[in-house]
Each structure stands twice: as structure tokens, then as C-alpha cells.
Amino acid sequence: MLREGEIRIPSGCAISGIVNKQGVRFSGRDVIKSIALMHDRSNGLGGGFAAYGIYPEYAEHYAFHMYYDDITIKDYTEEFLSSRFNIAESHEIPTKKVASIKNSPIVWRYFVKPKSEFIDEDCGCDEFVMKIVMMINAKFDGAFVASSGKNMGAFKGVGYPEEIGEFFRLDEYKGYIWTSHGRFPTNTPGWWGGAHPFTLLDWSIVHNGEISSYGANKRYLEMFGYQLSLQTDTEAITYAFDLLVRKHGLDIETACSVLAPPFWRNMERMEPAKKEMYTALRAVYGNLLLNGPFSIILGTSKGIVALNDRIKLRPLVAATKGDNLYVSSEESAIREICPSPDNVWTPKGGEPVIGMLEKEETRDAYQYATA
Amino acid sequence: MPISMQLPDYLVDRDPNRCITCKVCVNQCANDVHHWDKDVDSVIAEEEKCVNCHRCVIYCPTHALKIRRNPTEYKENHYWNSSTIRGIDRQAEGGGVLLTGMGTDKPIPIYWDRLFLNASQVTNPSIDPLREPMEIRTYLGSKPDNVIIKDGKLIKELPPQLVLDAPIMFGALSFGAISLSAVKSLAKAATDCGVMWNTGEGGLHRDVYEYGKNCIVQVASGRFGVDAEYLNAGSAIEIKIGQGAKPGIGGHLPGEKVGEEVSKTRMIPVGSDAISPAPHHDIYSIEDLRQLIYALKEATRYTKPVSVKVSAVHNVAAIASGIVRAGADIVAIDGVRGGTGAAPLRTRDSVGIPAELALAAVDSRLRQEGIRNQASLVIAGGIRNSSDIVKAIALGADACYIGTAALITMGCRMCQTCYTGKCNWGICTQDPKLVKRLNPEIGAQRLTNLIHAWSHEIKELLGGMGINALESLRGNRLMLRGVGLSETEYRILGILPAGE
Amino acid sequence: MKRVYAREEVCAGCKLCEVYCATAHSEYPSSILKAFQRQETRPVARILVEVDQPLTFALQCRHCEEADCTQGCITGAMTKDPETGIVTNDESRCVGCWTCVLVCPYGAIKRDESGHKVASKCDLCSNNDTNPICVQKCPNNALIFAEISKGGD
């Protein structure tokens, strides 16, 4: 049986995400509760979380979450990592025994900074980390970088999302953004690396859908040096954001209009400057258009963006309550943790829901109450 | 005179019970097959002249006519078969190069038919084009690596682009090779459909300048009809290096076809042979091509994309890469099945490679080199229907040229005797009595119908795959699976076998 | 009035208009085969394709405003309908003197070659509500049935 990365596996899914726009950090308890309500949208073959603001003590370090199949590859990878990075701290990620979670890999965490000799004008720290991550994921058999951003981390594995959350003791972490994913793959992903969210630097994506444009997206991204080793849509979407925002300098909203662009006929009605811009974006980045059904939540250290495909073939609901923005596959999953939101709506296809932090600094919620 | 060894290729079956001796067949056959014989009070046929163009069959008001292949058998021989023997007979009697028209009719493997498209089932929904928007608009031209935007405005304009409402263009068919009626049909249909037509190397007749917005003007080795006004009259310029039907050789329009109108349009004297040299004599290498590309861009002030069309030959991937690096905005690849008004038979049937393999190789190569976005890729040479187009786009093409299919739409019956100048359908001829048989209004309407029909079919196929924008199919080889190909062919096509 | 006009630039000279006209005015207007094979005399077309290649065009009665044929007719068989403007020949009154053939400036009136004494001419298929059969059947749209004003002359 081929494992994920060697084969493409269509999936159905549940997604849920929360951001506090004031940067108030709160525990992972809520997001677990929200995604758990949508239990039937997953089938126990994949679940995961991304959390931002969880490592304030190492905020300037890249936090590597590593999955190893065995000690040999761990030793080998660590030797490689220490040749490229100054490692400030490394330890096993604390976990809890959960009956249904089996065959977990060795999960390890490193806080690192690239060694200065590898960094120059052509290759900044982010670029260098990205290259290393891609190299490990493509070439190091039995090692997988689950996340590599600053002050954030991905926790994912094979199981129902609420079980994965319990396994990784996420109620003990505090973050200002939490996103989550429950997966319904149509065959066995076979390993933990294939679960979602997929991350790159501080990008993370949870995604519900099957992108019919995957082959076109993949081959376009490959031209810009991305190696799509997992054969998942999520990976492609993450790289697309990375290319558009980090490398090409587009803002998030514009990047969303590349992934889910306006229809040509709607562009015809735009005022000339706008029309020219959208036409150029679509003509140039047409191969990055995400076609087919999807709803995604993009997490970054600065906030979240939720986006639907252009004709809304997957569910996505949004709600606000005070400084909190909630996005989820189902309204029930929001009301489960926020029974009386200020505002609930169903975003239109192709129209991003953007929840950016309003402050630079973050703080903890001392009395963060849930229903 | 020694007796001819050539047997008539066809027999004319005339049903005496249906023939009303109206003589429509007599007045319509430019090959003088049908004659009225008043001695016997009936129409008789000189069958050796028949080319099976169906003009008489379709015009006969009582369906009294059928054309059959001559049933006379040659001694059975798999190797020395009848077409081989007939070719030798023709040369033994004529002493010339065997000429033919249209694309090759040899049983070259048809990769299109070995490729199968995907459709959505359960895990994602197919999309109904009758209910949902389905977009097949296409931009041809060089695309930068990235778009720079500041304060919601585009900072740097895109290089010039061709906008197509469907990924279909009419391939190069020159005035001279085809009639002005055919040119007008193509020009009008392209304009009505929002696609492009191509002058070939025939220049731009005054009557079709009005269709310049939807025209690609070609610059070929003979430079016929090329001047500044011509270059600026179209929306794009195409440098023709080669064509699929006859890679490596030039063109020859005999003087008898160069009448007043062709003469004016091609800017050559009436009655003179129009000879396109095999190479451009100012392009003996890739750096020369760059000079011509930029000369044309200068001449049109960088407002028009420049295309370079080459035959699909063995080294096509490297050649295409060089063309892109030389500054072309569009690369057109013409496969071995490409059509022609006249080509040496042996060249047509044995030089060049199939478009499918060439396309896959070129697209892969340009992506490997990271320059695929710098030029659009147009594929030509035997595109028969909308699913060929969809498969071509999945393999990596931006758009397709159709030539033969367009000719058939205008009435061509593929009799392959274009080079005789006696096209009974008024398409491939300059004889005024034949030219007027093609009514450009009807020709344009039929072509428009075809483009619309194919557009609908492309949308249906896209919707089935769960795709609602053509750019999501471009180069999306996961949408293809192959059947019955060799490992090498799978590798070159970059697709998986069905079942995997 | 609406008349049939030839577009010589797209006339293929095939003469199918003649075949269909002859059939439509035969004893078997719905069958070409019967018209040409069962009618005792060969059906006659009331339209004629003039051929001087590459020039070809179909010609038929112009239904003139001041029709010489109506004035020349000795029996009053040839008349112009004041309502429709169509010039027709009343076959029961025609005696076959052929004066009309003589005076027609277009040569659009023919003797019925079968020896029948009736003059044969276009009636614009006045029994039909639709376009004349020649217009309907022209394979290259080289005949049109239209009202074209003379204003531009």
C-alpha cells in the first residue's frame, strides 16, 4: 500500500478556527471542542491543529516540530540540523496516552536559528529554513517536519482530531490563533505526516476539499522551486500563499483573489484600473487558481484568512463575538463554543474572511471563559 | 503513346433509375469527370479523373451518384501494397516528385485516442456548465514571473497579450493556397467568435484588413506581403520557421495561381512563382531568430506578441527552449499530421513527430527550465475535435490551431488534391469560377457553429472534471490517463496508465 | 415589390434552381424523380442560369413595372396583378403566339419546349407562402427574395 506522498488521496473534512484580534492567548480547549462536534465529518484517519503564540519564550526561534519513524533517522536528522542551525532547545513534545492513538512517531521539538554562514542576501533566514524543510521532507526517509514557523506549531496525526488534541495535551498551550482539521480520507494515509494542517514557516493551512486543479497548481509551483512531496492540496495551497505573499509581495487579499479570482464577466464590469489589475493577476497566475471545491483556513502569525472556492462547493461559516473571529465548516461548531455570537454569516464563494491582529504584542487571557 | 499503368482510383456509380440528366454533375466537376453524351442521351464518366471530392455526390438532386474505390485488386502483398505500386507508376510516367495535399493519411499512432480524461465522482462535484459559469477565456503571450501591485494598482503592465474567447485558433492558411472566399470565411468567423485567424504567408488582402484585430500576420521565409502596414494590421505576428506537413522545406505557389489579387496581396508580379525558401535566409541560427523577433517587435513598438512556429522535429524541446529564450511570446508547434496545400508525399508522410509527444516534451522542458510562463504554447497538427483540444491543454498547451478541421467545416472533403488548384469546393483554388462556390457568409457561419459547438463541449468536459476555468486544466496531466502505451511513451507524455 | 435577385458573386452555376423550379411547376411538384420520369413531357424550368464562366447567374421574370409582355399579349393572357405586382400568364387564354417571348427585354419567357403552346415564365411560386423554390433551394444562398428599392439608382 502506498503512503501519502506516493499517492494522491481525496478527502472530505471538517475545519474550524478561532482568532482573537487583540492577540489575547487562550487555551486549545475551545478549538478541540468545536472540531469534536463535527466528529462525523472525519473518519479517524487524520486530525490536527495549528496554534500561534504558543512559544513566547522562543519567539525569535524557528520552532521545528519533527516526526521520526525511528531513532536512527532521528539521530541522522539531528546531526544534519545541528550542522545547519544553532539549536537553542530540543525536547520531546509532551504527549498523553490515548487508547485509540496508535503507532505514533517519535515527536520532537527544536528551537533553532540558522547558522550565519548559510545566510546571505540571496538566501535570507526564511528562504534557508524553507529549503531545509523541503529537503528533509523530500529526501529524509522516515523524518518529517510537521511545522517550522516562529512562535507557532502544528500538532497532527492519524486519529480523530479531538483524540489528537488530547494526545498532544493542547489544553495546556495558550495561543491567540487556533485552527483545526478533521479528515475523511478515501483511503489510508498510512502515516502522521500526511495529516493536516500543512505548514511552511509560519503559514499553516487547514483545508476541506479536493482541488481539481492540483496537477496544474503543482506543476506551476514546481517551476518556482517548490517540491510537492506530499501530493496534497493543502501542501499546494500553502506553497501558493508562500509564493504570492512572501516571495512576490502581494497582500493576503490579493493573494486570495489569485486563488479564487473573479469571473471574467465580473471583471468586465470593474473600473479600468481594477480590471487591469485583476486581468493581469489572472493572466499571470491562472495556473494557481484553485479549482474544485474547497474551504480553507490560512493561519499566519498576523491573523487568519478563510476562503471558499468561487462557487462555494464546500461549507464555510463565520461569526464574531467581541474580538474573536470564528470560522468553521458548520455553524453548530461555532455555537458549541460561542452560543451567542454578535454576528454570524455565510461568506460568499471567493470572498475571503480576514481576521488580522490589531496589535503587535500579544497577552494571555487570564479569565478566558467558555460556555 | 505508351499505355498508362495507372488504374482509376475511383469508380463513379450512377444509378440510371435516379439520374434525371439534369447535368448538375457535369457543370460542377472541375476535373471534367462527367460529360453529357448526346449520342446516348446520358451522362457518362471519365473515372480516371475522379478525385472523390464528393461535389457531384452532394449536388446531385436525386442522389443518383456514388463514388467507390476501384475494386480492382493488386496481387496481395503486405509490403508492396497498392499505394506503393501506384506511387511508382506515377513517377515512372511523370518523372517527378510525388505531390499531395492535406495532412498525412498514414496510420501513425494517434495518441489522443490513447489518452482518457478524468471526471469527478463523489469526492468532489462535477460542475454543470448550463447552471454555473464555465470559463474558457485564454490569454496568449509572455507572462512575467510575478505581478507587482501597489495601492491596488498594477505597477507594471503585462507584455502584449492575445485574448481568446476559446482556446481555438484558425491555423495559417495563406491567400494563394486558399481562395479569398475561404480567407474571408475564416476572418469573419474568428472575429465573430473572439478567436484568431492566421494569414499564413499569403499577406493580408485589402478586403480583410477590417478583420485585423483577430488576425495573426505571418512572416515566412518568402516575406510575401510583409510591410510595416501589414505587421501593424494584425494583433500578433508569427514567424513561420516550419510547418508540420513539410518540415525542412519551403513552399511553392505556382505562377498560374498568382493572379491580380494574389499578386497585389503578396506584393509579387502577376504570374510569377511565389517561392518560399526552405530556411529564412536571414536565420541560420538561434541568435538570428532573436534579431528577427526583436526587429518585428521594434517595427510594432512592442505592442504585439511575436509567435514562432516550428515543425515538431526530433529536438523540438531544445528548439522551443531556444525560441523562448530568443524572446518569442508564443511558440507554436506543428505536428507531423499538419496539413498543407501541397507537399512532397515522402516528406509529408515521414518527416517530423506527432504533435502529442512534441507538446508534452516541450511543456515539460520549458517547466524544467522555469521559463514556461515566458511564452504561451500553441499546438497544431491534426486537432480533430474538442476532446483533442482538452487533452492538448491538459498536456500543457495554451491553445490549439485548427487547419484541416476548419477546411472540412468550409466544405473540404479531404480528397488531398489541393495542389491541382481545381478544388471543387472553392477553397483551395484561385479559379474565379470555383472560388465563388464558397459563399463566405456560409463559410463563416459554419466555422462559427463549429467553434461554438466545440466551446460547449470543452465546457462540458471541464465541468465533468470539476473544473470551471480552463487555466486549471492547463498542464494538469493528472486529468489524463493512458491506455496501451509503452513506458517510454508514458514518461514522455508525463501521464500515468489507466488504473494507477 | 419583392423580387428574386441573383448574387452572381456566389452563384456556383450548378443549375439546381432550374431542377427545383421545373419540379415545382410540374405535375409532381413534390418529387424530382416523378417530375422528370413520369411526366409525359420533360418539366420546364422558369428560371434560367446564364453561363459565361466565370460569370454565372440565375435569371427569371423581373415582373417589370411596365411589363412589355402584358402589353404585347394578343389575348390578354399575360397580366400584372395590380395588388401583388406579379406578372402571370393565364394558360387557358394563351394561344402560343410567342409575342411575349419576343418583347421580353430579359429573355425570361420561354416556349414550353414540349410543344405545348403555353409560354413558360416565373410566377414567383405564387402558390407558396414562403420564398420561391429557387431561393429556398439554392445551395450557396446566391438567390435572395427581397424588396430592394430603386432609390439608389
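1. Section: the overall build of chain B
Reasoning step 1: Within chain B, the regular secondary structure consists of 15 helices and 23 strands.
Reasoning step 2: Relative to the 2.2 N^0.38 estimate, which gives 23 Å for 500 residues, the radius of gyration of chain B is 24 Å and therefore close to what a compact globule would have.
Reasoning step 3: When the backbone C-alpha atoms are referred to their principal axes, chain B occupies close to 90 × 55 × 45 Å.
Reasoning step 4: Out of the 500 residues belonging to chain B, those deemed buried represent 57%.
Reasoning step 5: Of the contacts made within chain B by residues no fewer than 6 positions apart, 69% connect residues no fewer than 24 positions apart.
Reasoning step 6: When the accessible area of chain B is evaluated, it comes to approximately 20,900 Å², of which 52% is carbon and sulfur surface.

2. Notes on the arrangement of the chains
Reasoning step 1: Most contacts, among the two pairs of chains that meet, fall between chains A and B.
Reasoning step 2: Between chain A and chain C there is no contact; the minimum C-alpha to C-alpha separation amounts to 36 Å.

3. Comments concerning the packing of helix H4 (residues 180-193) of chain B against helix H14 (residues 440-464) of chain B
In a packed pair of helices, the relevant descriptors are the angle between the two axes and the axis-to-axis distance.
Residue and element names in this part refer to chain B.
Reasoning step 1: Their axes nearest at 8 Å, the elements H4 and H14 cross at an angle of 40°. For the element pair H4 / H14, the angle class is oblique. Crossing angle aside, the handedness with which H4 passes H14 is right-handed. For the pair H4 and H14, the contacting residues are Ser181, Lys184, Ser185, Leu186, Lys188, Ala189, Asp192 and Cys193 in the first and Pro440, Gly443, Ala444, Leu447, Thr448, Ile451 and His452 in the second.
Reasoning step 2: By residue class, the composition of the contact of H4 with H14 is seven nonpolar, five polar and three charged.

4. Focus on the domain arrangement of chain B
Residues and elements named next belong to chain B.
Reasoning step 1: Per the domain assignment, the segments making up chain B are domain 1 (10-96) and domain 2 (138-497).
Reasoning step 2: Using C-alpha coordinates to define each centre, domain 1 is positioned 35 Å away from domain 2.
Reasoning step 3: Facing the 13 residues of domain 1 at the interface are nine residues of domain 2.
Reasoning step 4: Summing both sides of the interface, domain 1 and domain 2 together bury roughly 1,100 Å²; the carbon and sulfur share of this comes to 52%.
Reasoning step 5: The three residues of domain 1 that bury the most area against domain 2 are Ala30, Cys53 and Arg55, which together make up 46% of that side's buried surface.
Reasoning step 6: Put simply, domain 1 and domain 2 have zero salt bridges between them.
Reasoning step 7: The tally of links from domain 1 across to domain 2 stands at five residue pairs in polar contact (both at pLDDT 80 or more).
Reasoning step 8: Counting residues per element, the ones that place at least two in the side of domain 1 that touches domain 2 are helix H1 (24-28) and helix H2 (55-59).
Reasoning step 9: Considering each element in turn, the side of domain 1 that touches domain 2 owes the most residues, three residues, to H2.

5. Comments concerning the interface of chain C and chain B
Reasoning step 1: Across the boundary between the two partners, chain C contributes 24 residues, which contact 23 residues of chain B.
Reasoning step 2: Carbon and sulfur atoms make up 54% of the area that chain C and chain B hide from each other, which totals about 1,800 Å².
Reasoning step 3: Of all residues in chain C, Ala12, Leu33 and Asn140 of chain C bury the most surface against chain B, accounting for 24% of the area lost on that side.
Reasoning step 4: If you look at where chain C meets chain B, you find one salt bridge.
Reasoning step 5: The partner of Arg7 of chain C in a salt bridge is Glu441 of chain B, and the shortest N-O contact between them spans 2.8 Å.
Reasoning step 6: At the surface where chain C touches chain B, the tally comes to twelve residue pairs in polar contact (both at pLDDT 80 or more).
Reasoning step 7: If one sorts the elements of the side of chain C that touches chain B by residue count, helix H2 (residues 32-37) of chain C sits on top with four residues.
Reasoning step 8: Among the residues forming the side of chain C that touches chain B, the class breakdown is 13 nonpolar, six polar and five charged.

6. As for helix H7 (residues 252-259) of chain A
Residues and elements named next belong to chain A.
Reasoning step 1: Across the eight residues that make up H7, a large majority, seven, are buried.
Reasoning step 2: Every buried residue of H7 is accounted for by Ile252, Thr254, Ala255, Cys256, Ser257, Val258 and Leu259.
Reasoning step 3: Between the side-chain oxygen of the N-cap and the backbone nitrogen of Glu253 there are 3.2 Å, and the N-cap of H7 in question is Asp251.

7. Examining the state of the cysteines
All names here are of chain A.
Reasoning step 1: Here the structure, examined in full by the defined rule, presents zero disulfides over all chains.
Reasoning step 2: Residue Cys125 stays outside any disulfide, its sulfur separated by 8.4 Å from that of Cys123, the closest cysteine.
Reasoning step 3: In this structure Cys125 comes out as partly exposed when scored by relative accessible area, which is 32%.

8. Here we look at the sheet that holds strand E11 (residues 198-200) of chain A
Residue and element names in this part refer to chain A.
Reasoning step 1: Strand order in the open sheet made by the five strands is E11-E12-E13-E14-E18, with antiparallel pairing throughout. Each of the sheet's edge strands pairs with one partner strand only, and the pair in question is E11 and strand E18 (353-356). Averaged over all adjacent pairs, the angle separating strand axes in this sheet is 15°, with direction ignored.
Reasoning step 2: When E11 meets strand E12 (residues 203-209), the two strands line up antiparallel, connected through three bridges. Paired with Leu200 across the bridge in E12 is Trp203.
Reasoning step 3: Of the strands in this sheet, E12, strand E13 (294-300), strand E14 (303-308) and E18 touch H7, which is tilted by about 20° from E14.

9. With respect to the pattern of salt bridges
Reasoning step 1: In the structure shown here, the tally under the stated rule is 45 salt bridges over all chains.
Reasoning step 2: With its nearest N and O atoms 3.1 Å apart, the salt bridge here joins Glu78 of chain A to Lys74 of chain A. Remark: Lys74 of chain A and Glu78 of chain A occur in helix H2 (residues 71-84); sequence separation between them is four residues, near one turn of the helix.
Reasoning step 3: Note that Glu369 of chain B is salt-bridged to Arg365 of chain B, the shortest N-O span being 2.7 Å.
Reasoning step 4: Assessed through its relative accessible area of 29%, Arg365 of chain B is described here as partly exposed.

10. Looking at the interface of chain A and chain B
Reasoning step 1: Facing 40 residues of chain A, the contacting portion of chain B comprises 41 residues.
Reasoning step 2: A buried area of about 3,500 Å², summed over both sides, lies between chain A and chain B, and 59% of it is on carbon and sulfur atoms.
Reasoning step 3: Its largest share of buried area at the contact with chain B, chain A owes to Arg219, Met223 and Trp264 of chain A, together 21% of the area lost on that side.
Reasoning step 4: The tally of links between chain A and chain B comes to five salt bridges.
Reasoning step 5: One salt bridge in this structure joins Glu268 of chain A and Arg137 of chain B, with 3.0 Å as the shortest N-O distance.
Reasoning step 6: Our count for the chain A to chain B interface comes out at 17 residue pairs in polar contact (both at pLDDT 80 or more).
Reasoning step 7: Contributions of two or more residues to the side of chain A that touches chain B are made by helix H5 (214-223), helix H8 (264-267) and helix H9 (272-285) of chain A.
Reasoning step 8: No other element matches the ten residues that H9 of chain A contributes to the side of chain A that touches chain B.

11. Looking at the packing of aromatic side chains
Reasoning step 1: Scanning the entire structure with this criterion turns up 21 aromatic pairs over all chains.
Reasoning step 2: With a centroid separation of 5.5 Å and 65° between ring planes, the pair formed by Phe167 of chain A and Trp192 of chain A is classed as edge-to-face. Of the two residues, Phe167 of chain A sits in helix H4 (residues 161-167) while Trp192 of chain A sits in the loop between strand E10 (177-185) and E11, which places them 25 residues apart along the sequence. Across the pair, exposure class does not vary: Phe167 of chain A and Trp192 of chain A are buried alike.
Reasoning step 3: When the ring of Tyr59 of chain B is compared with that of Trp425 of chain B, the centres are 6.2 Å apart and the planes differ by 70°; the resulting orientation is edge-to-face. Of the two residues, Tyr59 of chain B sits in helix H2 while Trp425 of chain B sits in the loop between helix H12 (404-410) and helix H13 (432-435), which places them 366 residues apart along the sequence.
Reasoning step 4: Among the aromatic residues, those joined into a cluster by ring pairs are Tyr67, Phe155, Phe167, Phe168, Tyr173 and Trp192 of chain A.
Reasoning step 5: The lysine or arginine in question, Lys23 of chain B, covers the ring of Trp36 of chain B, its NZ or CZ lying 4.5 Å from the ring centre.

12. A short note on the confidence of the model for chain A
Caution applies to low-pLDDT parts of the model: their predicted coordinates are not meant to be read in detail.
Reasoning step 1: Here chain A averages 91 in pLDDT, while 95% of its residues score no lower than 70.
Reasoning step 2: Note on residues 367-371 of chain A: pLDDT is under 50 here. Beyond four places in sequence and across chains, it has seven contacts.

Each value, and the rule that gives it
Residues numbered from 1 in each chain as written. Chains lettered and ligands numbered in written order. Predicted model: local features only at pLDDT ≥ 70, side-chain atom pairs only at ≥ 80, totals over all residues. Heavy atoms only, no water. Helix = DSSP H or I, 4+ residues; strand = E, 2+ residues; numbered from the N terminus. Rg over C-alpha atoms; globule rule 2.2 N^0.38 Å. Buried < 20%, exposed > 50% of the residue type's maximum accessible area, 1.4 Å probe, protein only. Contact = heavy atoms within 4.5 Å. Areas by Shrake-Rupley, 256 points an atom, 1.4 Å probe, with all protein chains shown as cover. Axes fitted to C-alpha atoms, helices over the stretch in contact; angles between N-to-C directions. Parallel < 35°, antiparallel > 145°, perpendicular 65-115°, else oblique. Left-handed = near helix turned anticlockwise from the far one by under 90°. Nonpolar A, V, L, I, M, F, W, Y, C, P; charged D, E, K, R; others polar. Domains from an automatic or database assignment. Buried area = accessible area lost by both parts, 1.4 Å probe. Salt bridge = Lys/Arg side-chain N within 4 Å of Asp/Glu carboxyl O. Polar contact = N/O pair within 3.5 Å; in protein donor to acceptor, adjacent residues only side chain to side chain. Disulfide = S-S within 2.5 Å. Pairing = 2+ DSSP bridges. Phe/Tyr/Trp six-rings, centres within 6.5 Å; stacked < 30°, edge-to-face > 60°. Lys NZ or Arg CZ within 6 Å of the ring centre and 35° of its normal. pLDDT = per-residue confidence, 0-100.

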